[in-house]
Amino acid sequence: SSRTVFLLSQLEKINVDSVLGSSDSARYVTSKILHLVQSQEKTRKEMTSKGCTGIDVILSTLEVKYFHFCSHGLIAVLHFIIMKCGGRRASVIVNKGGTQILLQLLLIASRESPTNEELMVLLHTLLAKIGPKDKKIGMKARINGALNISLNLVKQNLHNLRLVLPCLQVLRVYSANSVNSVSLGKNGIVELLFKIIGPFSKKNTSLMKVALDTLAALLKSKTNARRAVDRGYVQVLLTIYVDWHGHDSRHRYMLIRKGVLQCIKSVTNIKLGRKAFLDANGMKILYNTSQECLAVRTLDPLVNTSSLIMRKCFPKNRLPLPTIKSAFHFQLPVIPASGPVAQLYNLPPDVDDVVDESDDNDDAETESEIETENDDDKDQLFKNDDIETDINKLKPRQELGRSIEELKMYEQFFPELSENFQEWDLVSKEPKPFVPDANLSGPIVVPTASEE
């Protein structure tokens, strides 16, 4: 009965009939729906209500046939609904297959020349909003061939902030998948992101934050982390962190500084990264900056992350420590003239005497990253063998502090525990065996000493 329902029914009819001259009608109906959504809150509530099929009609129109003349308006309607109504509508679009439709539209729009910038901004903004609600968006983007579209747009429009920002947000969502991270790394995304992040600047801080988050997600892949180490980016990250730490005196850009630390934390997950961190004097840099952050409580996340990185990268030694690294010196009673113990005691103070074998199977792990297709299915089938499921084993065992023989001496004080009930004979003043009465109903009352 409302204007919105009437327009949606008209759009659905045009979509089904596809008669001659439907382009003008579809464009007119789409523009009217967009105007109502933008101007009236009542229309937005009506389209996002439970009983309304507005989102279904829009998605089916975009799915059945690519209406070039009205797709921009329909995507704008979805974009406005998502931005105004929040994440609850994003889940609805994902459940109705909206991710697949938007990825197909992105693929078709990328083939046009010249590229419609406004349409690309709307599509990427929508994908960035609904991406976290769809756990399989990375796999869908790879299957549809839309994985590198956003990356190519960033390469071609590096100085266009309006387009680069939503593209990086989408790439951040894609990077949550390990297979996508390896694929994007081979296409040069790590080098591209280091062109975006840089020294302290108050311009484009939002772009800097998104770029650092994307880079931190990508560097979790050992392949990308090795690529970053080989190009000397560990030193670059430390330089950037020191620059932001020195200029951010009012601590307004704590999230950016934390983003740099997250990148360092990801790259130091491999042995080469830890070695590059130590060679770049990273231990001293993070220790000094953490000391300066201790006085400000809001900078506790920076101190915690720096502590984790330093603990992970600090050289490991076996006990006993014969060097100045230890406050205690455990001298062995007998040290042979030759052998592994003598070699250990003859090592210089700065040598790490614990062999790091964490990255010996990097090649096998890289192949497993590439072959992995669906991490979510594995998570569902995952079973933790460390969790005990036997209820009998989980029950605590109650052990007596004394033996049964020692506890028998207390039976006279607690006759009810041994079921030795006795009735007191008021005449003889002696206990007599208790014989229950068959006609007795009610509780048994045993007289106390005061009643006697």
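Since the model is a prediction, treat every value here as computed from it, not as a measurement. (Residues numbered from 1 in each chain as written. Predicted model: local features only at pLDDT ≥ 70, side-chain atom pairs only at ≥ 80, totals over all residues. Heavy atoms only, no water.)

### What to know about the overall build of the protein
Counting its regular elements, the protein contains 25 helices and two strands. The proportion of buried residues among the 452 residues of the protein is 40%. A separation threshold of at least 6 residues defines the contact pool for the protein, and within that pool the share at least 24 residues apart is 71%. Total accessible area on the protein is roughly 27100 Å²; 53% of this is exposed by carbon and sulfur atoms. (Helix = DSSP H or I, 4+ residues; strand = E, 2+ residues; numbered from the N terminus. Buried < 20%, exposed > 50% of the residue type's maximum accessible area, 1.4 Å probe, protein only. Contact = heavy atoms within 4.5 Å. Areas by Shrake-Rupley, 256 points an atom, 1.4 Å probe, with all protein chains shown as cover.)

### What to know about the nonpolar core
For soluble globular proteins, the rule of thumb is that nonpolar side chains tend to be buried together. Counting 108 residues, the largest nonpolar core has I33, L168, Y174, I197, L215 and F277 as its most contacted members. Here this core gets nine residues from one element, more than from any other, and that element is helix 8 (residues 117-130). Apart from the residues within four sequence positions on either side, I197 is in contact with M208, A211, L212, L215, L237 and I240. (Core = buried A, V, L, I, M, F, W, Y, C linked by side-chain atoms within 4.5 Å.)

### Some details on the pattern of salt bridges
Inspection of the entire model under this criterion finds nine salt bridges. R231 serves as the salt-bridge partner of E191, at 2.8 Å between the closest nitrogen and oxygen. Placement of E191 in helix 13 (residues 189-196) and of R231 in the loop between helix 15 (222-230) and helix 16 (233-247) is noted, with a sequence separation of 40 residues between them. Here the residues in one salt-bridge network are E117, E118 and R162, joined through shared partners. (Salt bridge = Lys/Arg side-chain N within 4 Å of Asp/Glu carboxyl O.)

### As for the packing of helix 16 against helix 19 (residues 282-293)
Contact geometry of helix 16 with helix 19 gives a least axis separation of 11 Å together with a crossing angle of 20°. In terms of orientation, helix 16 lies roughly parallel with respect to helix 19. Of the two elements, helix 16 crosses helix 19, and the hand of that crossing is left-handed. Where helix 16 abuts helix 19, its residues L238, Y241, V242 and H245 lie against G282, I285, L286, T289, E292 and C293. (Axes fitted to C-alpha atoms, helices over the stretch in contact; angles between N-to-C directions. Parallel < 35°, antiparallel > 145°, perpendicular 65-115°, else oblique. Left-handed = near helix turned anticlockwise from the far one by under 90°.)

### Some details on the side chain of N180
Secondary-structure assignment places N180 in helix 12 (residues 178-186). Engagement of the side chain of N180 in a polar contact is seen with the backbone oxygen of Y174, the distance being 3.3 Å. Residues in contact with N180, not counting those within four places in the same chain, are G138, M139, R142, L147 and Y174. (Polar contact = N/O pair within 3.5 Å; in protein donor to acceptor, adjacent residues only side chain to side chain.)

### A short note on the side chain of D248
Here D248 is to be found in the loop between helix 16 and helix 17 (254-267). D248 gets classed as buried once you look at its relative accessible area, which sits at 3%. A polar side-chain atom of D248 sits 3.1 Å from the main-chain amide nitrogen of H251. In this view, D248 contacts Y253, M254 and R257; residues no more than four positions away in its chain are not counted.

### Some words on the packing of helix 19 against helix 20 (residues 300-313)
Between helix 19 and helix 20, the shortest axis-to-axis distance is 10 Å and the interhelical angle comes to 150°. The angle between helix 19 and helix 20 places the two elements in the roughly antiparallel class. Where helix 19 crosses over helix 20, the two elements pack in a sense that is left-handed. Side by side, helix 19 and helix 20 meet where M283, L286, Y287, S290 and C293 of the first sit next to V303, S306, I309, M310 and C313 of the second. The residue makeup of the contact of helix 19 with helix 20, split by class, is eight nonpolar, two polar and no charged. (Nonpolar A, V, L, I, M, F, W, Y, C, P; charged D, E, K, R; others polar.)

### Remarks on a nonpolar patch on the surface
Together, L400, I404, L407, M409, Y410, F413, F414 and L417 make up a nonpolar patch on the protein surface, roughly 850 Å² of accessible area in all. Examined against the element boundaries, Y410 turns out to sit in the loop between helix 25 (404-407) and strand 1 (422-425). (Patch = residues over 30% accessible without salt bridge, like charges linked within 9 Å, V, L, I, M, F, W, Y side chains within 5 Å.)

### What about helix 16?
With 15 residues, helix 16 should cover 21 Å at 1.5 Å per step; its first-to-last C-alpha distance of 21 Å lies within 8% of that length. Of the positions making up helix 16, those classed as buried are Y233, V234, L237, L238, I240, Y241, W244 and H245. Around the axis of helix 16, the buried residues are gathered within 160° of arc, so they sit on the same side. (Expected span 1.5 Å × (residues − 1). Arc of directions from axis to C-beta.)

### Considering the packing of aromatic side chains
Within this structure, the stated rule accounts for four aromatic pairs. Between F200 and W244, the aromatic rings sit 4.9 Å apart at their centres with planes inclined by 75°, giving edge-to-face as the arrangement. With a gap of 44 residues between them, F200 in the loop between helix 13 and helix 14 (205-218) and W244 in helix 16 connect regions that are remote in the sequence. Judged by its relative accessible area of 21%, F200 is partly exposed. The class for W244 is buried, based on a relative accessible area of 1%. On the numbers, 5.7 Å between centres and 75° between planes, the contact of W244 with Y253 is edge-to-face. Its relative accessible area of 17% is what places Y253 among the buried residues. Following the ring pairs from residue to residue traces out a cluster consisting of F200, W244 and Y253. (Phe/Tyr/Trp six-rings, centres within 6.5 Å; stacked < 30°, edge-to-face > 60°.)

### Comments concerning the confidence of the model for the protein
Taken residue by residue, the protein gives an average pLDDT of 78. The fraction at 70 or more is 69%. Low pLDDT, under 50, characterises residues 363-367; the stretch is placed with three contacts to residues that sit more than four places away or in other chains. (pLDDT = per-residue confidence, 0-100.)

### Section: helix 18 (residues 271-279)
When we look at burial in helix 18, the residues that qualify are G273, R274, A276 and F277. Taken down its axis, helix 18 places every buried residue within 165° of arc, on the same side. Pointing more than 90 degrees away from the buried face of helix 18 are the exposed residues K275 and D279. Each element contacted by the buried residues of helix 18 is listed here: helix 15, helix 16, helix 17, helix 19 and helix 20. Once helix 18 finishes, N281 follows within two positions and takes phi at roughly 60°, a positive value.

### Some words on the environment of D134
Tracing the backbone shows D134 in the loop between helix 8 and helix 9 (137-144). Judged by relative accessible area, which is 8%, D134 ranks as buried. Among residues more than four places away in sequence, those in contact with D134 are V94, T99 and K140. At 2.8 Å, the side chain of D134 forms a polar contact with the side chain of K140.

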